[in-house]
Amino acid sequence: PSPPLLPPPDQDAAVEAADSIMAAPSLDARVNAFLAAIRRFESGGDYSILYGGGHFLGFDKHPKIAVPINLPGYEGKKSTAAGAYQINWPTYTDFAPGLGITDFSPASQDAIALAIVKRTGAYDALIAGDIESAFRLASSRWASLPGSTAGQNPKSVDTVLSWFDDFLSNNA
């Protein structure tokens, strides 16, 4: 006896599923948008900026310049945050050696930022498509992100998600 024939596939459902897959941003696009959002809200995308708005010259090494933090609760404290992701000296020395990084070039800043995203668990949330959770997880390292408790003007979830979606739409 012949096996029973299966009914023909539902063409509308197949087309809808294919459209859904094609419309979903790739992981690479989401990671690029995520890093771009961090750069946007931490430094305006400026790879040579210091905390507080000054600039450093040259990308051959982390500038390690201590700038006073002029915020309530931070009296007498300084920050060595620098670059597009406002990576401070302790964070740089934590991540750079393991990544084989010896400079502070834009590519090195991007690589360190991605390593930080992975360490916070935000990368796993990005893989799962949970963008809001990814930003909240990364807020443990970046003061501008929603959920940060650093007291340095974190953006709202709506602001960050809207910017993220706009970036994906305009850079796909």
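Check the entry above for the structure.
These numbers come from a predicted model, not from an experiment. (Residues numbered from 1 in each chain as written. Predicted model: local features only at pLDDT ≥ 70, side-chain atom pairs only at ≥ 80, totals over all residues. Heavy atoms only, no water.)

Draft legend 1. Seen up close, the nonpolar core. Counting residues in hydrophobic clusters, the biggest one holds 39 residues, and the most contacted among them are Phe 34, Tyr 85, Ile 112, Val 117, Phe 135 and Trp 142. Only helix H2 (27-43), helix H3 (89-99), helix H4 (106-120), helix H5 (122-128), helix H6 (131-138) and helix H7 (157-170) provide two or more residues apiece to this core. Of all the elements, H2 adds the most residues to this core, at seven residues. Counting residues in each nonpolar core, the second largest holds five residues, with Tyr 51, Val 67, Ile 69 and Ala 81 among its members. (Core = buried A, V, L, I, M, F, W, Y, C linked by side-chain atoms within 4.5 Å. Buried < 20%, exposed > 50% of the residue type's maximum accessible area, 1.4 Å probe, protein only. Helix = DSSP H or I, 4+ residues; strand = E, 2+ residues; numbered from the N terminus.)

Draft legend 2. Highlighting H3. Along H3, the residues that are buried comprise Thr 91, Tyr 92, Phe 95 and Ala 96. Taken around the axis of H3, the buried residues stretch over an arc of 105°, which confines them to a single face. Residues Pro 90, Pro 97 and Gly 98 are exposed on H3 and point more than 90 degrees away from its buried face. In this structure, the buried residues of H3 make contact with H4. Positive phi appears at Gly 100, one or two residues downstream of H3, with a value of about 75°. (Arc of directions from axis to C-beta. Contact = heavy atoms within 4.5 Å.)

Draft legend 3. Fine view of the pattern of salt bridges. If you walk through the whole model with that rule in mind, you get three salt bridges. Ionic pairing is found between Asp 94 and Arg 119, a salt bridge with its closest N-O pair at 2.6 Å. In this pair, Asp 94 is assigned in helix H3 and Arg 119 in helix H4, connecting sequence segments 25 residues apart. (Salt bridge = Lys/Arg side-chain N within 4 Å of Asp/Glu carboxyl O.)

Draft legend 4. Representation of the packing of aromatic side chains. Taken as a whole and judged by the stated rule, the model has 10 aromatic pairs. Taking 5.8 Å as the distance between ring centres and 50° as the angle between the ring planes, the aromatic pair formed by Phe 56 and Phe 104 counts as tilted. Of the two residues, Phe 56 is situated in the loop between H2 and strand S1 (67-68) and Phe 104 in the loop between H3 and H4; the sequence distance between them amounts to 48 residues. You can call Phe 56 buried: its relative accessible area is 6%. Here Phe 135 and Phe 164 contribute two aromatic rings whose centre-to-centre distance is 5.8 Å and whose plane-to-plane angle is 90°, an arrangement assigned as edge-to-face. In this pair, Phe 135 sits in helix H6 while Phe 164 sits in helix H7, placing the two residues 29 residues apart along the sequence. Each member of the pair, Phe 135 as well as Phe 164, carries the same accessibility label: buried. Taken together, the aromatic side chains of Phe 56, Phe 59, Trp 89, Tyr 92 and Phe 104 make up a single cluster linked through ring pairs. The lysine or arginine in question, Lys 118, covers the ring of Tyr 123, its NZ or CZ lying 4.9 Å from the ring centre. (Phe/Tyr/Trp six-rings, centres within 6.5 Å; stacked < 30°, edge-to-face > 60°. Lys NZ or Arg CZ within 6 Å of the ring centre and 35° of its normal.)

Draft legend 5. Here's a closer look at unusual backbone geometry. Even without being a glycine, Lys 64 presents a positive backbone phi close to 55°. As for its position among the elements, Lys 64 is in the loop between H2 and S1. Taking the relative accessible area as the measure of exposure, Lys 64 reaches 48% and is therefore partly exposed. Here Gln 86, not a glycine, exhibits a phi torsion of approximately 50°, which is positive. Mapped onto the elements, Gln 86 comes out in the loop between strand S2 (78-79) and H3.

Honestly, that's just the spatial picture; any functional story needs more than this.
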